[in-house]
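Analysis of the macromolecular model
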Amino acid sequence: GKPVPISAEHGEGIADIAVVIDRLVKKKRLLQEQAEQALSDTDLVESQPALLPNESDDGPEKPLQLTILGRPNVGKSTLVNALLKQERVITGATPGLTRDSISVNWTWNDRPVQLVDTAGIRKSSNRAKHGDDIEDMAVRDAMRALKVADVAVLVLDAEAGVLQRQELAIADAVVREGRSLVICANKMDLIVDQEYSAKQYAMDVSQQIELRFPMLRKTPVVAMSSLTGKNVQALMPVVFNARDRWQRVISTGILNRWLQEVTASHPPPTVRSGGTKATKIKYILQTKGRPPTFLLFCNVDDIPQSYIRFLARNFQDTFFMFGMDTRMSIKKSSETNPYSGNATKKGKGFGLG
Ligand SMILES: Nc1nc2c(ncn2[C@@H]2O[C@H](COP(=O)(O)OP(=O)(O)OP(=O)(O)O)[C@@H](O)[C@H]2O)c(=O)[nH]1
Ligand SMILES: [Mg+2]
């Protein structure tokens, strides 16, 4: 804000600063009231159960919903067996072996997990060619399992080299559905030699994903071999971390400090329809986690999507929110008449395209 000259010794300017502080407090209270009002809009809250997820306070920990996705034959079921350390689901060299999602209640390090193995998702053109309705149903089944997941693990076949189109489509679907994404680069035993480490391989996969989907950069990648068991134990800590970040609720103070910094160094563009006033984003509030969702209070309601994307990207970098969507909506707020009824514009998320 504007500097206020004061002299502590003579008491000059103290009244002025009191006025400024009072104004700031009022302004903050007003914004908070608006935020609360906005939250009570049924439109905004949707059918989301709790505003803040609460895992530790009361009752037993909720199982982590983990869905395993990928193309046929990449080793999803082998991975499930390797995690469970038992031959629980059927595996084999024939693609399309798993036909329906199989859900297993499991405990990892004393923590409950609901693990879902799904049918392989193949190219739609292939599906059409085979005229295979059962497989179509299997894909729908996999998509249903995705919708209830906290974390989705996308399994890749390292031997295939580059990521296939349907794998990118699955990654896109995971993020669009608001789930947290972890990538498992499997069958590493088939390609890795002394020269080419698992770490290097994970980095290569990461780079490939980033190239196609900038918003999926730094999505966690775990390279392993489900068959030999090598590095399988690295997956679950990454998965739990992915859930923690996904349901994290960031304090309003920290969020607004971040907003101030980022809008000061990169101010939002002036929007024509908003008159000649400079666009100002006054306040940010997290309305829910799973995935992180925010409301931005602005003096205009038509901030360009490109700027929202920039904010979301900067947010990702600052708070390590990788491999998930960050949803930001705009709410026009005027100080003189805070409830003058501009409907909230729904955020489009990152829009991975
Ligand atoms: N070399 C190697 N082979 C693997 C690995 N993981 C799985 N396989 C093999 O790959 C084939 C397919 O494995 P599954 O686990 O059945 O694959 P899936 O992804 O469940 O396949 P669908 O159920 O058909 O979608 C089997 O022959 C496995 O033994 C691995 O890490 N290394
Ligand atoms: Mg399978």
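Just above sits the structure.
In this report, we go over the structure that sits alongside the text. (Residues numbered from 1 in each chain as written. Chains lettered and ligands numbered in written order. Predicted model: local features only at pLDDT ≥ 70, side-chain atom pairs only at ≥ 80, totals over all residues. Heavy atoms only, no water.)

Examining the nonpolar core
Leu69, Leu154, Val174, Leu181, Ile183, Val205 and Leu216 are the most contacted members of the largest nonpolar core, which totals 28 residues. Elements that contribute at least two residues to this core include exactly helix H5 (133-147), strand S4 (151-157), helix H6 (165-176), strand S5 (180-186), helix H7 (198-212) and strand S6 (221-223). Of the residues forming this core, the biggest block, six residues, is contributed by H6. With residues up to four places along the chain from it excluded, the contact list for Val174 reads Leu69, Leu146, Ala152, Arg179, Ser180 and Leu181. By size, the runner-up hydrophobic cluster in this structure holds 27 residues, among which are Val104, Val182, Met224 and Met236. (Core = buried A, V, L, I, M, F, W, Y, C linked by side-chain atoms within 4.5 Å. Buried < 20%, exposed > 50% of the residue type's maximum accessible area, 1.4 Å probe, protein only. Helix = DSSP H or I, 4+ residues; strand = E, 2+ residues; numbered from the N terminus. Contact = heavy atoms within 4.5 Å.)

Considering the environment of Val104
Take Val104: it is sitting in strand S2 (residues 102-108). Overall, the relative accessible area of 2% leaves Val104 in the buried class. Once residues within four sequence positions are removed from consideration, Val104 is found in contact with Leu84, Arg88, Val113, Gln114 and Leu115.

Quick look at the coordination of the magnesium ion (ligand 2)
Summarising the metal site, the magnesium ion (ligand 2) is bound by the protein donors Ser77 (OG) and Thr98 (OG1), whose distances to it range over 2.0 to 2.1 Å. One end of the pair, Ser77, is in helix H3 (residues 76-84); the other, Thr98, is in the loop between H3 and S2, with 21 residues separating them in the sequence. Thr98 matches Ser77 in its accessibility class, with the two residues each being buried. (Donors = N, O, S within 2.8 Å, 3.2 Å for Na, K, Ca; no water.)

Let's talk about the packing of aromatic side chains
By the definition in use, this model includes eight aromatic pairs. Ring centres of Tyr307 and Phe310 lie 5.4 Å apart, and the angle between their planes is 40 degrees; on these two criteria the pair is classed as tilted. Of this pair, Tyr307 and Phe310 both sit in helix H10 (residues 305-319), separated by three residues, roughly a single helical turn. Classification of Tyr307 as buried rests on a relative accessible area of 6%. One aromatic cluster is present, formed by Trp258, Phe294, Phe315 and Phe319 through successive ring pairs. (Phe/Tyr/Trp six-rings, centres within 6.5 Å; stacked < 30°, edge-to-face > 60°.)

Side note on the sheet that holds strand S7 (residues 281-288)
Spatial strand order, S7-S8-S9: three strands in an open sheet with mixed pairing. Single-partner strands in this sheet number two, and they are S7 and strand S9 (327-332). The sheet shows a mean angle of 25 degrees between the axes of neighbouring strands, direction not considered. Bridge analysis of strand S8 (residues 293-298) against S9 gives six bridges, and the strand direction is parallel. Across the sheet, the residue bridging to Phe294 is Met328, located in S9. With respect to the sheet, H10 is in contact with S7, S8 and S9, its orientation differing from that of S9 by roughly 130 degrees. (Pairing = 2+ DSSP bridges. Axes fitted to C-alpha atoms, helices over the stretch in contact; angles between N-to-C directions.)

Considering the site of ligand 1
Taken together, 23 residues form the shell around ligand 1, and within it Lys76, Thr78, Gly96, Thr98 and Asp189 come nearest. One of the side-chain N or O atoms of Asn186 is found 3.2 Å from a nitrogen atom in ligand 1. Between ligand 1 and the protein, one listed contact pairs an oxygen atom with a backbone N or O atom of Leu227 at 3.2 Å. Within the complex, 91% of the 650 Å² of free accessible area of ligand 1 lies under protein. If one sorts the elements of the shell around ligand 1 by residue count, H3 sits on top with three residues. Taken together, the residues that form the shell around ligand 1 break down as seven nonpolar, 13 polar and three charged. (Near = heavy atom within 4 Å. Polar contact = N/O pair within 3.5 Å; in protein donor to acceptor, adjacent residues only side chain to side chain. Areas by Shrake-Rupley, 256 points an atom, 1.4 Å probe, with all protein chains shown as cover. Nonpolar A, V, L, I, M, F, W, Y, C, P; charged D, E, K, R; others polar.)

Some remarks on the pattern of salt bridges
On inspection of all chains with the given rule, the structure shows twelve salt bridges. With a closest N to O distance of 2.9 Å, Glu61 and Arg243 form a salt bridge. Of this pair, Glu61 sits in the loop between helix H2 (42-45) and strand S1 (64-70) while Arg243 sits in helix H8 (residues 235-246), and the two are 182 residues apart along the sequence. In this structure Arg243 comes out as buried when scored by relative accessible area, which is 2%. Members of the salt-bridge network, linked through shared partners, are Glu61, Arg111, Asp150, Arg243 and Arg290. (Salt bridge = Lys/Arg side-chain N within 4 Å of Asp/Glu carboxyl O.)

Focus: H3
With seven of nine residues buried, H3 lies mostly within the body of the structure. Within the sequence span of H3, burial applies to Lys76, Ser77, Leu79, Val80, Asn81, Leu83 and Leu84. The inward-facing, buried residues of H3 abut S1, S2, strand S3 (111-117), S4, S5 and H8. At the exit of H3 stands Lys85, carrying a positive phi of roughly 55 degrees.

Everything listed is a geometric property; what it means functionally is a separate question.
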